[in-house]
2 protein chains.
Amino acid sequence: MTMSRFLSQEAERLAPYTPGEQPTDLQYVKLNTNESPFPPSPRVIKAVTRAELLKLNLYSDPTCAALDGAVAAYYELRPENVLTGNGSDEILAFAFRAFCGQGKPVAFADITYSFYHAQTALFGLEKQIVPLREDFSLHVEDYMGFPGTIVIANPNAPTGMAVPRTDIQRLLEADPNRVVIVDEAYVDFGGESCVPMIFRYDNLLVVQTMSKSRSLAGGRVGFALGSPALIDALNRVKYSFNPYNVNRLSIAAGTAAMEDAAYFETCRGAILRNRGWLTGELEALGFTVLPSAANFVFAKSDRVSGGELYRQLKENGVLVRWFDKERIRDYVRITVGSMEQLVSFIDETAKILDAV
Amino acid sequence: MTMSRFLSQEAERLAPYTPGEQPTDLQYVKLNTNESPFPPSPRVIKAVTRAELLKLNLYSDPTCAALDGAVAAYYELRPENVLTGNGSDEILAFAFRAFCGQGKPVAFADITYSFYHAQTALFGLEKQIVPLREDFSLHVEDYMGFPGTIVIANPNAPTGMAVPRTDIQRLLEADPNRVVIVDEAYVDFGGESCVPMIFRYDNLLVVQTMSKSRSLAGGRVGFALGSPALIDALNRVKYSFNPYNVNRLSIAAGTAAMEDAAYFETCRGAILRNRGWLTGELEALGFTVLPSAANFVFAKSDRVSGGELYRQLKENGVLVRWFDKERIRDYVRITVGSMEQLVSFIDETAKILDAV
């Protein structure tokens, strides 16, 4: 993007995020942005009624009471433990502003959701990047003395690796005045959620999304779970930024998605099965596959570089995600899609390896 | 909201906005948040198809190409002149970050959309408040030498009063390096839009919304129109904050709303007729009514205070907006609703005045 004479200094220093490709021109086997391969719950389809559409002239409920209520009910929390937003990216931005700033730096891993960099730049935050260990594991000891806010994606992206809940607990207890933000975007696929610790630790903020396990990436619904003090703080930011942040249709869709626990379990079960199959096939092709608790796997081959595999797959109609970044340049990240998608991916990958 | 030990200094200094009441418990004649009394275009209802709902598992297009294209086509602009967002509040936040900061203060009127205060606090901006003249008119001379970014709501809220386009033009020409943000949320109801000046002045950013004249308040679609340099700058902020900021259903709804120019004209025509009737009735009841170019009127009576009228109307099932703020405490703001709503309002108001 062009720099212009109109930009504020702060806007010049931004580090805009590049989302995964969202091609509109071609039909790809799309395994690059960790979407669910399944449509949303049939209840979601029913919830977006003609009657609701006819009310689009009226503002949505700025408190998102129905949606917060459905989330709270699912997790046996109270509505005051919940704040919903326009995707979890928005929630994360609120959290960065609420809990970080002058005298409150932020720490996160070197290999994690790279959007954290964009958001810390947005608020001009001082950040400390804490390298993962050699095997990409996160050791909470490395954060123990950090005098600021800690963000941990658990399971982590793009590695898929999870941290035990008891490790997070140790961080929470080490300094009760320090906020720990646990980004659980992928937790439904095998991680240990920190949600059960919310009543015990008022410095714990859990952020989740309906984009992955609830098939609502296009509906943009994320939520934060935490103590009323933390949720109040997020609301201060929300009401300074965009009070009506979730639209009517997404409130209806998100509420219905949250209420259909059976469909959620069915989809999750399929993803876990498919992940097992995908991992086995990749290993049979000689890939090293990191242990994944997410709806994607992170894998590398000794026979083809990550970049080359990404490019050749794309040429053959399969999109995966490749990060041109130190430490992980050898890997590609593959979303756990439908069996049909995964078979296409494995077949194309086998052909590429054969031709090496 | 409670302050907590977790808050950043920056979050402590926030000034969260209080949106107009959105009661869910009772049926009010709701004339307090400037919504359209008409449902969205029939094309909007058709655009949110079952097929679109079944694709909610896939992310929305982060570039909002279809929506930007529809907006661009309507205004005879190019897509690179357009950025759409999750309501115009989000767009305004992007603009404050993009064009204001250290060395770039922001100026706006004392009586205007009060959300500007919340957003300037969000980014810690230095602001200069420029009082409107005694009669609530805005004189661009009062901004001419201001060395920063200027925000003008045109027509203004809550007064409804408009500034001629040629006045804005003088501001744009006085300093080509200074960005002028014209918030045209209400322009479709009688103001002179600055959109035709976009090709001539690359320092002009126009912000509009589909919440009022296009009956999509609950769909959350706003947009910015300006030179590619300004739109690029907004994109820097968007991609640092929330790349997928407009969901699939709102993209579909907003595109359809923009394409149905005939329905838009019909609704606008009705609002203009109703505003004429409402103004006449209020004047017949002895009210002073400011000249409105918006879908609301701002009016005061010598016989009852603004606060008292607001409270008594609410007790009788009619919601209007009252601002407990210097200079405008005597007034209430009444949305131009349907004739049925306006007759209820006038009847209740007449009763209240009779009882004084």
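Everything quoted here is computed from the prediction, not taken from an experiment.

Whenever I open this one, the relation of the copies chain B and chain A confuses me. Can you help?
The operation relating the two chain copies consists of a rotation about an axis and a shift along that axis. Each copy of the sequence occupies a distinct position, and chain B is placed on chain A by a rotation of 180° and an axial shift of 0.0 Å, giving an RMSD of 0.0 Å. Considering both components of the superposition, the chain copies are consistent with a two-fold axis. Relative to the rotation axis, the closest C-alpha in chain B is found at Leu249(B), a distance of 3.6 Å. The residues that chain B uses at the interface reappear at the interface of chain A in 100% of cases, marking a shared surface.

Any chance you could explain the sheet that holds strand E7 (residues 204–209) of chain B here in plain terms?
Consider a sheet: its strands pair through backbone hydrogen bonds, and that pairing is either parallel or antiparallel. Residue and element names in this part refer to chain B. Sheet architecture is open: seven strands sit in the order E2-E8-E7-E6-E5-E3-E4, paired in mixed fashion. Among the strands making up the open sheet, the edge pair consists of strand E2 (82–85) and strand E4 (127–130). Averaged over all neighbouring strand pairs, the angle between strand axes comes to 20°, with direction disregarded. Looking at chain direction, strand E5 (residues 149–153) and strand E6 (residues 180–183) are connected through four bridges and run parallel. Bridged to Val151 within E6 is Ile181. Where helix H5 (residues 88–99) meets the sheet, its contacts fall on E2, strand E3 (106–109), E5, E6, E7 and strand E8 (222–226), and the angle it forms with E7 comes to roughly 160°.

Just checking my understanding: could you explain the confidence of the model for chain A for this structure?
Detailed conclusions should not be drawn from predicted coordinates in areas where pLDDT is low. In this model, chain A carries an average pLDDT of 96, and 99% of its residues clear a pLDDT of 70 or more. Model confidence for the complex is summarised by a pTM of 0.97, with the ipTM given as 0.96.

Looking at this structure, I do not really get unusual backbone geometry. What am I missing?
Peptide bonds are mostly trans, and most non-glycine residues show a negative phi. Looking along the chain, the bond that leaves Asn154(A) and enters Pro155(A) is cis, with omega of -5°. Following the sequence through the fold, Pro155(A) ends up in the loop between strand E5 (149–153) and helix H7 (165–174). Each neighbour pair has its own omega, and for Ala157(A) with Pro158(A) the value is 0°, a cis peptide bond. Positive phi is not limited to glycine here, since Cys64(B) has a value of about 50°. Summarising the element assignment, Cys64(B) is placed in the loop between helix H3 (50–54) and helix H4 (65–75). Even without being a glycine, Arg327(B) presents a positive backbone phi close to 75°. Considering the arrangement of structural elements, one finds Arg327(B) in the loop between strand E11 (318–319) and strand E12 (331–335). Taking relative accessible area as the criterion, Arg327(B) reaches 32% and is therefore assigned partly exposed.

What counts, and at which threshold
- Residues numbered from 1 in each chain as written.
- Chains lettered and ligands numbered in written order.
- Predicted model: local features only at pLDDT ≥ 70, side-chain atom pairs only at ≥ 80, totals over all residues.
- Heavy atoms only, no water.
- Least-squares fit on C-alpha atoms with pLDDT ≥ 70 in both.
- Contact = heavy atoms within 4.5 Å.
- Pairing = 2+ DSSP bridges.
- Helix = DSSP H or I, 4+ residues; strand = E, 2+ residues; numbered from the N terminus.
- Axes fitted to C-alpha atoms, helices over the stretch in contact; angles between N-to-C directions.
- pLDDT = per-residue confidence, 0-100.
- Buried < 20%, exposed > 50% of the residue type's maximum accessible area, 1.4 Å probe, protein only.

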